[in-house]
Structures are given as C-alpha cells and as structure tokens.
Amino acid sequence: MGTVEVYPELSDSFETNLPNVFIIGDLTGVPLLKLAAESGVLVWKYIRGSNEDCLDAVIIGSGPAGISCAYEAKRLGKKFALLEANIPFQTIQSYPKQKPIFAEPKDLKSHSKIEITDSTKEELLEYLNVLIKNNPIQIQTGKRVVSIQAAGKLYQVKTETGESYLTSSVVIAIGKSGDPKRLGVKGESNPSVFYRVFDPYDTHDKSVVIVGGGDSAVEAAIASSRYAKEVRLIHRGKDFRRPKQKNIEELDRLVRENKIKLQLESEVTEISEQNVFVKTPEASVKLKADVVYVLIGNTPPIHFLKKIGIKIQNQKSITDWIGFSSLFSFAGAAYLGKASFYGPGWFSPLATIFASISFLTLSLFVYFKWNRNQWKINSWVFLRNTYLMFVFFYFLFVYLAATYFGYTLFGKYPSFHYTMLYSLTILFFGIRRILVRKTNYIFYQTLSLIFVQVFFLFLLPELILPALGDLGYLGTPEGFVRSEVFPNDAYWKAYGFILAWPLSMGVLYDGGITNFWLGYGFLFSFGFIPLLVYHYGKGAYCGWICSCGGLAETLGDEHRQKMPHGKWAYRLEHSGQYILFLAFMLTLLKLIGVYGKSKNPSLELSEIIADSVKWIYDIVVDIGLAGVVGVGFYFLFSGRIWCRMFCPLASLMHIYARFSEFRIFADKKKCISCNVCTKNCHQGIDVMGYASRGIPMDSVQCVRCSACVSLCPTDVLEFGKLTSRGIIYDSIQAKTRK
C-alpha cells in the first residue's frame, strides 16, 4: 500500500491557493537540487506583474531554488528582496561530511545560473560560494519571516526582527526544513539519540544503530562504516525502495564485507542508554548501541504554511466542503432530473430539492471565495469557471422549464441536454488537457475520448440515427436494422455499441432482447474486451473509449492528486466485485425468464424476481453510485471514484487483466523515490512501490492515464508489453515532450 507524503497544494505553475504566492524547490515534493534550481527560473514565467509601487517579489530562502530565483529576477530587471532566516545554503551546510551529491536528472537542460554536477557536499558549497562572490546578489540574512498578510492585491511580508516588505508576489523557497520525524518509542529523548549526522567520525570505535530506509539512512550507514566498531541499519521494509541505485550498490557491497549488518522487516520498540530493543519477524532482540541515528525523514513546515493561509494537499477547508455540497447536489439534480421523465414520480421533487441545495451552496461558495480573497484570476481559471457556471445554469433551466412549465428547449427532454453537456465538457476540458499535458500519448488518447463521446455517445444516438430513421434510410420497421438493432426505433440502444455490459445493463438485460444484441453483447463483453485487455491492459477501454473515463481524464485532470490512498480506500476497491456479481445474477435470471418462459411458463418467475430487484439496482448503482457519487466527488476525491471503487465492468476487466501482457516498466537506477507517480495516480496505485524496485507494474487497477509516466521528473517509467519474445515498448510516447 503506497502512502503519500503531505505537501502544499500547488498548481502546475507553482502557485498556491493564495494568488501570486508561489512555492519552489523541495517543497514541491521533488527532492532534486537540479530541479530545485530550475524551478527558480521557471516560476518567473507565472509571476504576474503589478503597476503598484512595490517589490515584484519577496523570495524567502537562499538555498539553490531561492538563489536561482534571485538570479533570474536580476536578469529580468525585477525588484526583489531575498530573505534568509539563517545563512545561505543552510540545508546543504547541515549535510554530513562528504555526502555525495547526485546531479539528477542527467538529461535536463538547465536554464539556471546554478549548475549542479555530481560532487560532494564540500565541493558543492565551494562552487556556490564562489558563484555568489563572482556574481553578487543581496542576501538579507537573519530575516525569519513570521507572517504574509494580504494588503489589497499586494502582500505585506513581515520578519521576526520587525522589517516589513510590500510586494506583489511571494516566492517561498525554504525547503523541506520542518521537524524530523520521530519513532514515538520509549527512550527516544536519550542523549545518545540523534536525528542528523554531522560528522561520521563521531562514530569512531562505537556501536552504531541507524534507523531508516531512505538515502539519508543508507548514506549515514555507509559513512559510519569507515569509523564505527559496528554498524546496524534497521529498516521496517523487506528491501530498500527509496535510496538511489548507487547508494544501494555500495550498501550491498559493505553488507557482503560484513561492515554493515541489516535488520529488515524490523521496528524499534525501545531505546535505553546502551541498547536498542528491536522487534523482528522472528523475535525481539537487544542490540548494543552507543549512538542511535533516527533518519526517517523530516516533515514539511506545515505549521508555517497553514499559518499564512496556504492550503495543504487533501486537507479540506470549509470552502471545499461547501463546494463539494454544491457539486454533489447538482449531480443529484442532473441524474434524478433527467431520469424523472421515465422514472418514479418522486424523482422530480427530489431532483428539485437537490437543485435548490446546489444553488444555495454555490452562492455560499462564491461568497466565501470572494469575501476571503481566494480567487486566483488568470485566463484559464476565468474560462473554466465561466464554463462550469454555464453548465450549471443551462441544465437547471432546461430541467425546471420542462418539469414545471412544460417547455422543452429545442423540443428535447433534459436527458438530451445532459448528454450534450457531458460531451461538450469532455471536448472543452479535453482541449485544455492536450494543450497542458504535452505528450504524444495524451494527444491521441484525448482525441479518441472526445471522438467516441461526441460521435458515438451523442451525435449518433441523439441526432444522426433519429434523422436517418425519419428519412427512411434505415429501412422498414420489419427490416434488420429497425427490428433487430433498433427495435421500435429505440435508437438509444446505440449507446450499447460503446458502453458494454455490465456498465450498460440494458445491452443484455432486456425483456425484448433481440438476437443481434444478445450476440453483440456477449461478443463485446466476453470477446472483444478480453482481447483488448490482454494486449493493452484494462486502460485500453477505460482510458481510450469509456465515457466515464473520458470525463475523468478531462474534467478530472486537475484533481487526480486528490484520490485517497488510505486503508479504507483500498478496502472499498472491492465493492465493484459485489456489484458485478449482482449484475451477473440479475442478467442471468432475466435471460432465463425471457428465453425459458415459452418452453416452461414457471420460468417467468425468474424474470419477475430479476425485475423486482433491478429497479433498486438502477437507483443505487446507475443513478446513485455511477452518477451522483461518481460526478459529485470529482473535486473532492478525484474523477475516478466510480471507476476505482464501484464500476462492475472494471471488476470484470480485473479478471481479464490478470492475464494481460501490459506493464509499466521502470528504470530502477533513475528512480529517486519522490512519490510523484503514486501521488498523481487517480486509481490509488502505489506506482513507486514498483518503480523503486524495478518491478514491472501489473496492477489491474491501472487505466493507462499516463500521469505517472509523463509527470516523472527523471523519466523512470514507460508503457509496454511483457511477451514471450521479451519486452515490447509502446510506439506512442507517453513521456513529456522535451
């Protein structure tokens, strides 16, 4: 199970929820010095200027990111102040002696004035100090920022020593300088316990215990092995996933030479003055320890960020819950509203109640955003919000007009307008996805999703087929097309060409099912889709064809990091299996009754039993889970809640996917364990758990969205197939175009 570390919530342009307040460097979640320096340059593409008499930016922090940002500001002729609470490069200064520096990613063409190369701590510091000496910039040291307060459209930045800076933008580059993580065991406050290695020579002729599984712990063990009497490295995992490949190779060598002893799958339970008590898979053991280093990472400076009003990933504010209530209520109004013209009578008043709640909570949402100055005004945000408002009021108008005034816009019921808006939304946000996610794979995938939705799931059933039927081009009512494919001119059945059983139950669950649909339905769900999944994975359907996936990959693209990764989410994944079983039993009973009652009238009971349950299935699964929950949770828990948790077709494809050739391959040597892949997986897969071990990812949950591949900062991942002939990589490149 993959866990996701908490960081500030940022846009692709490094911007926080506060307009014109940016975060760069390690706090973006990618612990690479080279990328930190590059982010200091890139952020200036997004900093919006001001005509006010003030600074263009206050840069907080003078590490590689902050210094790089300052150099770029100087090059652009901007007015800025660079504030540092301690001394320049404080974090690098605190590295252990001779700590290796890796210049990853190797193929990144840097635009920063700071050039990061493979070196050591001392060599890097010497280079940086010479750089500042030869290219001076003003660094105001000893200026710890205590508050960032809005002053109209500007910000007032105040320091601990009383200085105040008026600026139009703020760039936070303080690094991941929070408190060290603690074990939470007895004796952890003993004087022999440390959370940082200052000088490996301090371990000379001592028994050393190091706790941790990342680069810091491994590097500390390697460095201490040169001086210590004995070194033990305790890690709770079965193996080391996070450290860089060079560190793992060196660790393996020292373990073989018996200079480091490993305690894997072990946890510290207590620390005394001379010993560490450890629980292992076999027993509890006592280890001699003169010095204990607990190197399990640092927490980001969350308290400071919260204090100044920056939103943290997946931590919901009152505004978020109000916004969720509005969208959830709108989804209820939309799905119950469009179904009210052919469903139970109580659908309509319930839909109206949902519509009223949605309008009220939307008004409250806008009020809170406006009153708290939380709007980030840029061209995309304005366009997106304008479009969503249009969808909201358009559908409410067509529903209320048809329900209470008998007026149908264009002579069409709300279900038509819902489908039109659904298609238009995939088109609108699909164009945005193509422009922002610049990969060949996403380009062709998004075009496929747009085409399938607009043509096969809107134009064909709603406009083209009815027009052709009226003009007589589909033959006579007795002909094959109008008797077998679209009996009684049921052109809505064309949805079944794309939406397979059991996603669309009506393909096979039909009291008047024809031989065509019986054959097509079985061939599609149990023939074509298994073949597709075998060769290309479940995502060939979920990510390229399905309308649910189409909305998730376009409208939901900005919200993929919101998918929960906790235990309850993983348990809920199995819900779709129960829905699949229920769908199978209902369809089986229905078909037994339809085809058997002519031979044995008592078999009609089978159909009656199925119908007595099917209406509940329609309300709970089709309207409730697929519609109201699936769409209503988009901006709270990402766009794949339905797909991951409840979709019965996805559960059917999980069976097929166990035999699939599709894999996501990883170049283990490039993996830096930044967890970007796992964090951006809106199916909740622990992608890094595979990548860091170099294991081909074969999770049945994967929908081939390509986010993990395209967003990986070091190009670790790649789509392909594992065949009897070996590995075959995809011809369509999913990595971001350089």
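Remember, predicted model here, so these are calculated numbers, not experimental data.

## What to know about the sheet that holds strand E1 (residues 21–23)
Strand order across the open sheet formed by five strands is E1-E10-E2-E3-E6, with parallel pairing between neighbours. Whereas interior strands pair on both sides, the edge strands pair on one side only; in this sheet they are E1 and strand E6 (139–141). Averaged over all pairs of adjacent strands, the angle between their axes in this sheet comes to 20°, without regard to strand direction. Relative to strand E10 (residues 170–172), E1 is paired through three bridges, and the arrangement is parallel. Bridge assignment links Phe-22 to a residue of E10, and that residue is Val-171. In the packing of helix H2 (residues 64–76) onto the sheet, contacts are made with strand E2 (57–60), strand E3 (80–84), E6 and E10, and the angle to E3 comes to roughly 165°.

## Considerations on the state of the cysteines
Counted by the stated rule, this structure contains zero disulfides. No disulfide involves Cys-548; its nearest neighbouring cysteine sulfur is the one of Cys-546, lying 4.0 Å away. Free cysteine Cys-643: the closest other cysteine sulfur is in Cys-548, separated by 5.7 Å.

## Some points on the side chain of Glu-15
Relative to the helices and strands, Glu-15 is located in the segment before E1. Judged by relative accessible area, which is 2%, Glu-15 ranks as buried. A polar atom in the side chain of Glu-15 sits 2.6 Å from the backbone nitrogen of Asn-20. In terms of polar contacts, Glu-15 uses its side chain to reach the side chain of Arg-48, at 2.6 Å.

## Structural notes on the packing of aromatic side chains
Under the criterion given, the structure shown has 49 aromatic pairs. Between Phe-451 and Phe-456 the ring centres are 5.8 Å apart and the planes differ by 90°, which places this aromatic pair in the edge-to-face class. The class of Phe-456 is partly exposed, set by a relative accessible area of 27%. Centroid distance Phe-524 to Phe-528: 5.7 Å. Interplanar angle 40°. Geometry classified as tilted. Placement of both Phe-524 and Phe-528 in helix H14 (residues 515–536) is noted, with a separation of four residues, approximately one turn of the helix. By the ring-pair criterion, three or more aromatic residues cluster together here, those being Phe-480, Phe-486, Tyr-491, Phe-497, Phe-516, Trp-517, Tyr-520, Phe-524, Phe-528 and Tyr-541.

## As for the packing of H14 against helix H22 (residues 648–657)
Contact pair H14 / H22: the axes reach a minimum separation of 9 Å and the direction vectors enclose 60°. Taken as axis vectors, H14 and H22 run oblique relative to one another. For the crossing formed where H14 meets H22, the hand is right-handed. When H14 is examined against H22, the residues Ser-525, Phe-526, Ile-529, Pro-530 and Val-533 are found in contact with a partner set consisting of Leu-649, Leu-652, Met-653, Tyr-656 and Ala-657.

## Points about the pairing of strand E19 (residues 662–666)
Taking burial as the measure, the five residues of E19 include five buried ones, the bulk of the element. Burial of E19 is two-sided: the residues Phe-662, Ile-664 and Ala-666 facing one way and the residues Arg-663 and Phe-665 facing the other way are all buried. Direction of pairing for E19 relative to strand E20 (residues 717–723): antiparallel, over a ladder of five bridges. Note on E20: the bridge partner recorded for Ala-666 is Leu-717.

## A few points about the environment of Glu-123
With respect to the secondary-structure elements, Glu-123 resides in helix H4 (residues 121–134). When the C-alpha positions of Glu-123 and Ile-101 are compared, they lie 9.1 Å apart, and in sequence the two are 22 residues distant.

## Points about the UniProt feature "transmembrane region" (unreviewed entry) in the protein chain
As annotated in UniProt, the feature "transmembrane region" (unreviewed entry) corresponds to residues 347–367, 387–410, 416–435, 442–460, 516–534, 577–595 and 615–637 in the numbering used here. Structurally, residues 387–410 comprises 75% helix and 0% strand, and the distance from its first C-alpha atom to its last is 21 Å. The annotated region residues 416–435 carries 100% helix and 0% strand content, and the separation between its end C-alpha atoms amounts to 29 Å.

## What about the nonpolar core?
Core analysis: the largest hydrophobic core is formed by 87 residues, its most contacted members being Leu-503, Ile-529, Tyr-541, Trp-642, Leu-649, Ile-664 and Leu-717. Residues Leu-336, Phe-429, Leu-551 and Ala-552 belong to the second largest nonpolar core, which totals 36 residues.

## Structural notes on helix H18 (residues 575–596)
Its 22 residues give H18 an end-to-end C-alpha distance of 31 Å, which sits within 8% of 32 Å, the value for a rise of 1.5 Å per residue. Along H18, the positions that sit buried rather than exposed are Ser-575, Gly-576, Ile-579, Leu-580, Ala-583, Leu-586, Thr-587, Lys-590, Leu-591, Gly-593, Val-594 and Gly-596. As for H18, its buried residues are in contact with H14, helix H17 (567–572), helix H19 (604–632), helix H21 (641–646) and H22.

## Some remarks on the packing of helix H8 (residues 318–339) against helix H9 (residues 347–371)
One can describe the packing of H8 onto H9 by two numbers: an axis separation of 7 Å at closest approach and a directional angle of 155°. As summarised for this structure, H8 and H9 are arranged roughly antiparallel, according to the angle between their axes. Helix-helix and strand crossings are classified by hand; for H8 and H9 the assignment is left-handed. Looking at the contact of H8 with H9 residue by residue, the classes come out as 15 nonpolar, nine polar and one charged.

## With respect to unusual backbone geometry
In this chain, Glu-104 is followed by Pro-105 through a cis amide linkage whose omega measures -10°. With respect to the element layout, Pro-105 can be found in the loop between strand E4 (100–101) and strand E5 (119–120). In this chain, Trp-501 is followed by Pro-502 through a cis amide linkage whose omega measures 5°. With respect to the helices and strands, the residue Pro-502 is situated in the loop between helix H13 (480–485) and H14. Non-glycine residue Asn-20 carries a positive phi angle of around 65°. Examined against the element boundaries, Asn-20 turns out to sit in the segment before E1. A relative accessible area of 6% places Asn-20 in the buried class.

## What about the environment of Tyr-293?
The residue Tyr-293 is located in strand E18 (residues 291–294) in this model. Separated by 97 residues in sequence, Tyr-293 and Arg-196 have C-alpha atoms that sit 6.8 Å apart.

## Remarks on the domain arrangement of the protein chain
Entries for the protein chain in the domain assignment read domain 1 (21–176), domain 2 (193–299), domain 3 (316–457), domain 4 (499–658) and domain 5 (661–729). For domain 1 versus domain 3, the distance between C-alpha centres works out to 41 Å.

Cut-offs and rules
Residues numbered from 1 in each chain as written. Predicted model: local features only at pLDDT ≥ 70, side-chain atom pairs only at ≥ 80, totals over all residues. Heavy atoms only, no water. Pairing = 2+ DSSP bridges. Helix = DSSP H or I, 4+ residues; strand = E, 2+ residues; numbered from the N terminus. Axes fitted to C-alpha atoms, helices over the stretch in contact; angles between N-to-C directions. Contact = heavy atoms within 4.5 Å. Disulfide = S-S within 2.5 Å. Buried < 20%, exposed > 50% of the residue type's maximum accessible area, 1.4 Å probe, protein only. Polar contact = N/O pair within 3.5 Å; in protein donor to acceptor, adjacent residues only side chain to side chain. Phe/Tyr/Trp six-rings, centres within 6.5 Å; stacked < 30°, edge-to-face > 60°. Parallel < 35°, antiparallel > 145°, perpendicular 65-115°, else oblique. Left-handed = near helix turned anticlockwise from the far one by under 90°. UniProt positions renumbered as here; feature names shortened; annotations may be inferred. Core = buried A, V, L, I, M, F, W, Y, C linked by side-chain atoms within 4.5 Å. Expected span 1.5 Å × (residues − 1). Nonpolar A, V, L, I, M, F, W, Y, C, P; charged D, E, K, R; others polar. Domains from an automatic or database assignment.

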